[in-house]
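# Fold and geometry: a report
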Amino acid sequence: AAAEKGGWSSFMAKEVSEEPDAVANTVRGRIHDGAVVIPELDGLDDLFRGIHRILVIACGTAAYAGQVGKYALEQWARVPVDVELAHEFRYRDPVLDSGTLVVSISQSGETMDTLMAVKYARERGAKTLSICNTQGATIPRESDAIVYTHAGPEVAVASTKAFVAQITALYLLALHVGRVRGVLSEGDSAQAVAELEGVADKIAWILTHEQERTTQLARWMADTRSVLFLGRHVGFPIALEGALKLKEISYIHAEGFAAGELKHGPIALIEPGQPVFVIVPSPVFSPLLHDKVVSNIQEIRARGARVIVIAEEGDAAVLPFADEVLRIPLAGPLFEPLLAVVPLHIFAMGLAEAKGLDVDQPRNLAKSVTVE
Ligand code: AGP
């Protein structure tokens with residue numbers, strides 16, 4: 001096993017280091033002359049033109065990738081998108097028809113809850129497309145179309161590189177469907193493609209420049225009993241992902257919230273010393289949301305929260321209110337989640353390691369959940 005880890009202390013450490021490759025390899029071969037071309041989707045143009053709704057089903061981290069993907073699918077492909085946990089979807093009486101495209105997301109391709117939901121959707125007449133990281137797995141075999149993520153095998157129970165690959169695949173799908181449906185201009189598509197092609201290097205920048213500091217911060221916080229995560233827009237699912245990872249491998253109580261929801265309840269949790277991670281939207285691309293989140297930071301800071309912000313390089317507005325600032329490179333609209341999640345993965349791993357826990361094999365969990 002030591003050899004398989006290639007010198008890393010854990011599979012998770014190795015897999016986090018592979019996040020840039022997971023994105024780059026998922027993009028590779030799918031861009032021609034500045035436009036997205038997904039060979040696996042050849043012949044499906046009529047299907048994409050005929051749908052009036054997309055329903056994304058998945059579990060856990062894959063479902064958070066789906067929540068991020070919703071923003072891209074709605075913006076670029078102009079199709080209404082719902083995201084639902086597979087086990088919730090399966091046990092109600094959902095409205096489905098042949099104009100609904102059900103997109104499942106699964107790293108393993110064997111998650112029973114997701115598989116049962118895909119089968120159920122098919123029986124009800126929906127078209128199914130699977131985003132999967134494992135060639136020939138059961139879920140893609142049960143689907144009408146497949147877009148593979150190329151993150152490479154993921155061994156650690158905590159999903160990391162598969163998550164960024166899933167978001168990448170959803171973005172490619174959104175750009176593809178947007179062009180096919182004629183709702184995305186060539187210029188907007190080319191701009192998004194250029195951004196997508198730059199993401200891998202930006203993740204690599206974070207690993208080079210912020211990994212050590214983030215791990216150090218995790219060590220200082222090894223005795224923390226509870227951590228909150230706040231995000232807005234595409235940062236909201238990232239907050240949920242940051243919290244899940246912390247629960248999963250460091251057994252610390254963690255919760256993610258939509259920043260705008262604070263005043264509707266969660267702000268009551270804030271007491272002096274409470275650590276809160278805040279994912280700050282880009283001041284350049286989302287100035288309105290940026291200012292709203294900065295005022296959320298002021299509100300929790302005034303109540304004694306210990307604020308750790310994840311903010312773009314050059315964002316000085318957060319400095320007066322932050323106890324710690326973790327930097328990510330500037331990224332165009334919608335691309336921030338692919339960067340902001342990286343310090344959260346590093347943080348969860350660093351904290352679990354600081355507590356002396358087995359980061360690859362957390363208690364009570366299996367890598368793929370093959371029972372319902
Ligand atoms: C993530 O860290 C988890 N281990 C878990 O939530 C996982 O993402 C979920 O079980 C779905 O797995 P899948 O992608 O293989 O379907």
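Criteria and thresholds
Residues numbered from 1 in each chain as written. Predicted model: local features only at pLDDT ≥ 70, side-chain atom pairs only at ≥ 80, totals over all residues. UniProt positions renumbered as here; feature names shortened; annotations may be inferred. Pairing = 2+ DSSP bridges. Helix = DSSP H or I, 4+ residues; strand = E, 2+ residues; numbered from the N terminus. Axes fitted to C-alpha atoms, helices over the stretch in contact; angles between N-to-C directions. Buried ≥ 20, exposed ≤ 12 C-beta atoms within 10 Å, placed from the backbone. Contact = placed C-beta atoms within 7 Å. Near = placed C-beta within 6 Å. Nonpolar A, V, L, I, M, F, W, Y, C, P; charged D, E, K, R; others polar. Parallel < 35°, antiparallel > 145°, perpendicular 65-115°, else oblique. Right-handed = clockwise from strand over helix to strand, strands pointing away. Expected span 1.5 Å × (residues − 1). Arc of directions from axis to C-beta.

Under an unreviewed UniProt entry, the name given to the chain is Glutamine--fructose-6-phosphate aminotransferase [isomerizing], and the organism recorded is Microbacterium protaetiae. Its UniProt record gives the chain a comment under Catalytic activity (unreviewed entry), which states: "D-fructose 6-phosphate + L-glutamine = D-glucosamine 6-phosphate + L-glutamate". Quoted verbatim from the Subunit (unreviewed entry) field of the UniProt record, the comment on the chain reads "Homodimer."

## Some words on the sheet that holds strand β11 (residues 306-312)
If you walk across this open sheet you meet the 5 strands as β9-β8-β10-β11-β12, and the pairing is parallel. In this open sheet, the two strands that pair with only one neighbour each are β9 (253-258) and β12 (324-328). Going from strand to strand, the sheet's axes swing by 20° on average, the running direction of each strand aside. As paired elements, strand β10 (residues 275-279) and β11 share 5 bridges and run parallel to each other. For proline 275, the partnering residue across the bridge sits in β11 and is arginine 306.

## Side note on the environment of glutamine 67
Inspection of the secondary structure assignment puts glutamine 67 in helix α4 (residues 60-77). Owing to 21 C-beta atoms within 10 Å, glutamine 67 belongs among the buried residues under this scheme. Excluding its chain neighbours within four sequence positions, the residues that come into contact with glutamine 67 are Val83 and Pro237.

## Brief notes about the site of the ligand
With respect to spatial proximity, 15 residues lie near the ligand, and among them Gly60, Ser106, Gln107, Ser108 and Thr111 are the closest. In terms of residue count, α4 provides more of the shell around the ligand than any other element does, 3 residues in total. A breakdown of the residues in the shell around the ligand according to their chemical character gives 5 nonpolar, 9 polar and 1 charged.

## Section: the sheet that holds strand β6 (residues 127-132)
The strand order across the open sheet formed by 5 strands is β4-β3-β5-β6-β7, and the pairing between neighbours is parallel. Pairing within the sheet leaves two strands with one partner each, and these edge strands are β4 (81-85) and β7 (145-148). The sheet shows a mean angle of 20° between the axes of neighbouring strands, direction not considered. Where strand β3 (residues 53-58) and β4 come together, 5 bridges link them in parallel fashion. Bridge assignment links isoleucine 57 to a residue of β4, and that residue is glutamate 84. Sitting on the sheet, α4 touches β3, β4 and β5 (100-106), and the angle it makes with β4 is about 175°. Packed onto the sheet, helix α8 (residues 161-180) meets β5, β6 and β7 and runs at close to 140° relative to β6.

## Things to note about the packing of α8 against helix α13 (residues 336-354)
Axis separation between α8 and α13 bottoms out at 10 Å; the angle between their running directions is 175°. Classified by the angle their axes make, α8 and α13 are roughly antiparallel. Along the contact surface, α8 presents Phe163, Val164 and Ile167, while α13 presents Pro337, Leu338 and Val341.

## Examining the pairing of β11
When you tally the buried positions in β11, you get 6 out of 7 residues, the bulk of the element. Assessed by its sense of winding, the connection that carries the chain from β10 through helix α12 (residues 287-302) to β11 is right-handed. For β11 and β12, the ladder comprises 5 bridges, and the chain directions are parallel. Bridging from a neighbouring strand, valine 309 pairs with valine 325 of β12.

## Remarks on α12
Its 16 residues give α12 an end-to-end C-alpha distance of 23 Å, which sits within 8% of 22 Å, the value for a rise of 1.5 Å per residue. For α12, every residue scored as buried is listed here: His290, Val293, Val294, Asn296, Ile297 and Ile300. For α12, the angular spread of buried residues about the axis comes to 155°, placing them on one side. Turned more than 90 degrees off the buried face of α12, the exposed positions are Pro287, Leu288, Ser295 and Ala302. Elements in contact with the buried residues of α12: β8 (226-231), β10 and β11. Positive phi shows up at glycine 304, right after α12, with a value of about 95°.

## Quick notes on unusual backbone geometry
Note: most peptide bonds trans; most residues except glycine with negative phi. We note that arginine 78 has phi near 55°; this positive angle belongs to a residue other than glycine. Here arginine 78 shows up in the loop between α4 and β4. Its identity as a non-glycine residue notwithstanding, leucine 334 has a phi of 80°, on the positive side. Locating leucine 334 in the fold gives a position in the loop between β12 and α13.

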